[in-house]
Structures are given as structure tokens and as C-alpha cells.
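Notes for the structure review
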Amino acid sequence: MRLTILGGGGFRVPLVYAALAAGGSPVTEVVLHDVSEPRLAAIRAVLAQLSGPGAPAVRTTTRLDDALDGARFVFSAIRVDGAAGRTVDERVALAHGVLGQETTGAGGIAFGLRTVPVAMRVAERVADVAPQAWVINFTNPAGMITEAMQRVLGERVVGICDSPVGLAHRAVRAIQGMGVDVGDSLSVGYVGLNHLGWLRALRVDGVDRLPDLLADDAALRSIEEVRLVGPDWARAIGALPNEYLYYYYCAREAVAAIRSAPRTRGEFLHEQQARFYDTAAATDPGDALLRWRQVRDERDATYMAESRRASGAGEREAADMAVGGYQQVALELMAALSGGAGRTLILNVRNGATVPGLPADAVVEVPCLVGPHGVTPLATDPLPGSMLGLLQQVKAVEQDTIEAAVTGSAALAVRAFAGHPLVDSVAVARDLVAAYRAELPGVAAVLGAGVRP
């Protein structure tokens, strides 16, 4: 079985390959596609040291149709304009006094504007070259890009993220520390959009243990996401928030912390990855793997560092960084779709009637039953107005962004920026559109470089 990874020169590809090489996967061949041959060479050097008996064969190509031909699964992990584009996303937003973050707020809208057209062209090629393939989308903003690709491929596009998995893992570890025997009967109630969701139930043998966890201050403080916003706030909303909700609940503090840092997260990663790619392909493969591990450990340890400093959340715990990430979700998804045992996974899928109050065609992030039949989202409990209202507002922004990217409408782009709760100003929205047009050729190409909207 062939797996194609689009963005195959990306830094996180070795995580996927290592999980495949560990065994138990139906994948026998991995095809890496990237527009950059040097990046492909660097990652190929790392994978050569991860390979072993039974590991999938690896092939690289810069030709999209060649990569897609014969694929059973396609991982889409592209980054339009690379890490350099992310630094612009962040700096333009900060210069206008709003959050500068990769997927949340103004930066996420700019990222989406230039990524949606590329992702949809990829979907069209999948439809022509590998119409039976499942597309597993890693590309950020993951919910928005999954929804855009579904316009072409329907429900054969599924988005994944490791944030809900990490949150659930930490919550389970916390109740185990309280003496709860989880066993095999665990059921997690999670609902939201990508990078905007809540864990609202933690059922063991049919009994929801989340209220007990919320009442235990020490257990709550063991959860990284809770330390970001504080135990009192988790109790006030009656749920455990996804880590990205810090940017909504503590927006002023987040902006101040990021602006005061010497570099944005994007600038840090851009410099770090440039050093890695400049050296990895030309070194001994063993050294390439060592360099990759060093860079990975550094980026994991510094994740959301400025937010943790501002909130007093402290350093990341080793156990939190050891949790299997999106690569494990992807492998479980592939195994179930390929005829393995059915399982429940938190995925980005078409809403239908799963989350009342959101459009049927909206992509939501919810637990789903996965098996040879496909992917079926599970019903969710009704949301309180504070949560549903935020989801509705941000989903409207995502859908305006998709439509702006598809139609080239600068007016819709302004509406998307102005409608986001972390921008909330028509004047600032107009300035953002003009600035992103000027700084990012991808946005200028989508919206046109004409007069100020």
C-alpha cells in the first residue's frame, strides 16, 4: 500500500516514518513530494537512519502527479511560502496591535488566504490521478483547509491535529493520579473547531469524572492547558480548554508577551530549520538524524514558551512532550480505514448535524467512529451560548476566508478579518488586508494587488 506525503521535505515527516517503521502499518511504500529537492534530500538522509527490517520503501519526487499515482492515502502537509511566510503572518499582525500567531487570528486568516487555492488545486489533482485515495490533511489552518478541500473531494478528506489527543492524555493522567482506574472504558467528550475546542466530559464506565477533576486543584494544575488559563477559569467554564484557547481567553497578555519576545515563534523556527536544511543533506546520514533529533527536542521544549512565561505555567513536562502526536492519530486512522479494528478518534470532519448551531458543511473537530465503512462523527452534547457563539463567529470567519480565496474578493477578506474576535475592527481589517497584500505575494495573487479595499 502506497502512502504519499505532500510536503515530504517537511521537518515532521520523520515522525510519521518512524511510526510506520515501528510496524503494524499496512503501508509498504512512502512517496515524498516537495517543491524543494534540497529539503527532500535532507529528510531522505534522516529517514535512511530510521529505516530497518520491514520499514516502508521511500521514494522522492518533485512532480505532483507522479507522487499521487497509485496512492491509497495522501498526507497533505504543505506550507505555502514556507517558514518565511509564517514570519510575515506574525509580524504584520503584531505591527497592527493584534495577535501574531500561525493559525489563530489575523495570521491564520492570511495563512488561509494563500493556502486555500493551492490546497484546492492539490485536491483537483487527487480527484484526477488518485480518486480512490483518502486525503489526511495536516496543512494548517487545518479545519479551514480541510473544509476547502472537501469542496472538491467530499468526505474523503479528513483533518487531524494532535492538540485534542495531548489534552485528553493529560486529563486521563490527572484522574489516574486521583486514583481512578480508567481501564478500557474511557470515553472523551470533545467538541469544537481545529485549535478552538473543549474537553467537556471524561467518562469511565459511563460515569463522567470531569467534575471530580475540576474540583481537585492539584490534579487540575498537572494539566498544561489549565496552567495557561488557571484552574479557576477551567472551573468557571466547566471544561478543559484546548491550548489555543489561551489566545482568546488571555488575548492581551498573549499579544504583550509575543511582542516583548526577541523573536516570534515563526522567526525562531525559520532560523532553526534553515540551519538544519543547510547542513543535513550534505552530512553523514547518522549525523543528519542526530541533528534532526536535537532540533526536534528544542522546538518541542520551546512550544508556546512566551505564553507559558506570561501565564506562569512553567516549563513543559517531559511526559507531555513524549505523547504520541498527529503521526499516531494518522496511523490509527489509516489502519481503521484499511480494515483494521474500528476505533474512536478526534478528527476534523464535515459537521452535518453533529454540532447543532453550526452549518452542515462546516468542518468541526469531534470524536468519530472510524472503520472500513469510513468516518462517522459522533453526536455531541448541546453547547452553552458562550462556547457556541465563539464557534459560530470563528467558523463564519473561516468560511469568509475560503470564499475570499476562491473568488478573489478583497471585500470578503476584510469581512473575515473584521469578524474575527481577535481583530474586531473594520479599520484594522482594511489595514491588515493592505499590509498582507504588500508583504505576501501569495495574498496579493489571490486578492489582486489593486486599490485599498
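See the structure shown above.
Below is a short write-up of the structure. (Residues numbered from 1 in each chain as written. Predicted model: local features only at pLDDT ≥ 70, side-chain atom pairs only at ≥ 80, totals over all residues. Heavy atoms only, no water.)

Here we take up the layout of surface pockets. Take a probe with the size of a water molecule and roll it over the atoms, and the empty space left behind shows itself. Counted as a void, the second largest pocket has a volume near 740 Å³. Together, 29 residues line the second largest pocket, and Ala168, Val188, Thr344, Leu345 and Ile346 are the ones closest to its centre. Elements supplying a minimum of two residues to the lining of the second largest pocket: helix H7 (163-177), strand E7 (186-193), strand E8 (196-204), helix H18 (326-337) and strand E11 (343-350). In terms of residue count, the dominant contributor to the lining of the second largest pocket is E7 (6 residues). Of the residues that constitute the lining of the second largest pocket, the class distribution is 16 nonpolar, 8 polar and 5 charged. (1 Å grid on protein atoms, 1.4 Å probe; cavity = no way out; pocket = protein on both sides within 12 Å on 5 of 7 lines; lining within 4 Å. Points joined across faces, edges and corners; volume = space filled by probe spheres on them. Helix = DSSP H or I, 4+ residues; strand = E, 2+ residues; numbered from the N terminus. Nonpolar A, V, L, I, M, F, W, Y, C, P; charged D, E, K, R; others polar.)

Attention shifts here to helix H13 (residues 251-260). The α-helix advances 3.6 residues per turn, and as a result positions three or four apart in sequence lie on the same side. The complete set of buried residues in H13 reads Ala254, Val255, Ala257 and Ile258. Seen from one end, H13 has its buried residues packed into an arc of 165°, which puts them on one side. For H13, exposure combined with an orientation more than 90 degrees from the buried face picks out Arg252 and Ser260. Those residues of H13 that are buried are in contact with helix H4 (82-95), helix H12 (246-249) and helix H16 (305-311). (Buried < 20%, exposed > 50% of the residue type's maximum accessible area, 1.4 Å probe, protein only. Arc of directions from axis to C-beta. Contact = heavy atoms within 4.5 Å.)

Right, let's talk about the pairing of strand E13 (residues 374-377) for a bit. The two faces of the sheet receive side chains in turn, since in a regular strand these alternate between them. As defined by bridge partners, strand E12 (residues 363-371) adjoins E13 across 4 bridges and the pair is classed as antiparallel. Bridging from a neighbouring strand, Val370 pairs with Val375 of E13. (Pairing = 2+ DSSP bridges.)

What tends to happen in soluble globular proteins is that the nonpolar side chains get buried as a cluster. One finds Phe276, Leu333, Leu347 and Val375 to be the most contacted residues of the largest nonpolar core, which totals 82 residues. Among the elements that take part in this core, H18 stands out by supplying 8 residues, more than any other. The contact partners of Leu333, leaving out residues within four places of it in the chain, are Ile136, Val158, Ile160, Leu345, Leu347, Val370 and Val375. By size, the runner-up hydrophobic cluster in this structure holds 49 residues, among which are Ile78, Ala106, Val122 and Ala429. (Core = buried A, V, L, I, M, F, W, Y, C linked by side-chain atoms within 4.5 Å.)

What follows concerns the pairing of E8. When you tally the buried positions in E8, you get 7 out of 9 residues, the bulk of the element. In this sheet, E8 lies alongside E7 in antiparallel orientation, the contact comprising 8 bridges. Each residue of the ladder has a partner; that of Tyr190, found in E8, is Leu199. Hairpin connection from E7 to E8: 2 residues lie between these consecutive antiparallel strands, with His195 at a positive phi of about 65°.

Enumeration according to the criterion identifies 1 cavity of 30 Å³ or more in this entry. Taken as a whole, the largest cavity spans an internal volume of roughly 160 Å³. In this structure, the largest cavity is lined by 18 residues; those nearest its centre are Thr103, Thr104, Asn194, Val394 and Glu398. Where the lining of the largest cavity is concerned, the elements lending two or more residues are helix H5 (106-129), helix H6 (142-153) and helix H19 (385-407). In terms of residue class, the lining of the largest cavity is made up of 9 nonpolar, 8 polar and 1 charged.

Bringing the state of the cysteines into the picture now. Tallied over the full model, the rule gives 0 disulfides. The thiol of Cys161 is not disulfide-bonded; the next cysteine sulfur, from Cys368, is found 14 Å away. Judged by its relative accessible area of 9%, Cys161 is buried. Looking at the unpaired Cys250, the closest cysteine sulfur is the one in Cys161, lying at 19 Å. Of the residues examined, Cys250 reaches a relative accessible area of 14% and is grouped as buried. (Disulfide = S-S within 2.5 Å.)

Running from N to C, H5 and H19 point in directions that differ by 55°, and their axes come no closer than 9 Å. Taken together, the axes of H5 and H19 are oblique relative to one another. Of the two elements, H5 crosses H19, and the hand of that crossing is right-handed. Here H5 contributes Ile109, Gly112, Leu113, Val116, Pro117 and Met120 to the contact with H19, which in turn contributes Val397, Thr401, Ile402, Ala404, Ala405 and Val406. A breakdown of the residues in the contact of H5 with H19 according to their chemical character gives 10 nonpolar, 2 polar and no charged. (Axes fitted to C-alpha atoms, helices over the stretch in contact; angles between N-to-C directions. Parallel < 35°, antiparallel > 145°, perpendicular 65-115°, else oblique. Left-handed = near helix turned anticlockwise from the far one by under 90°.)

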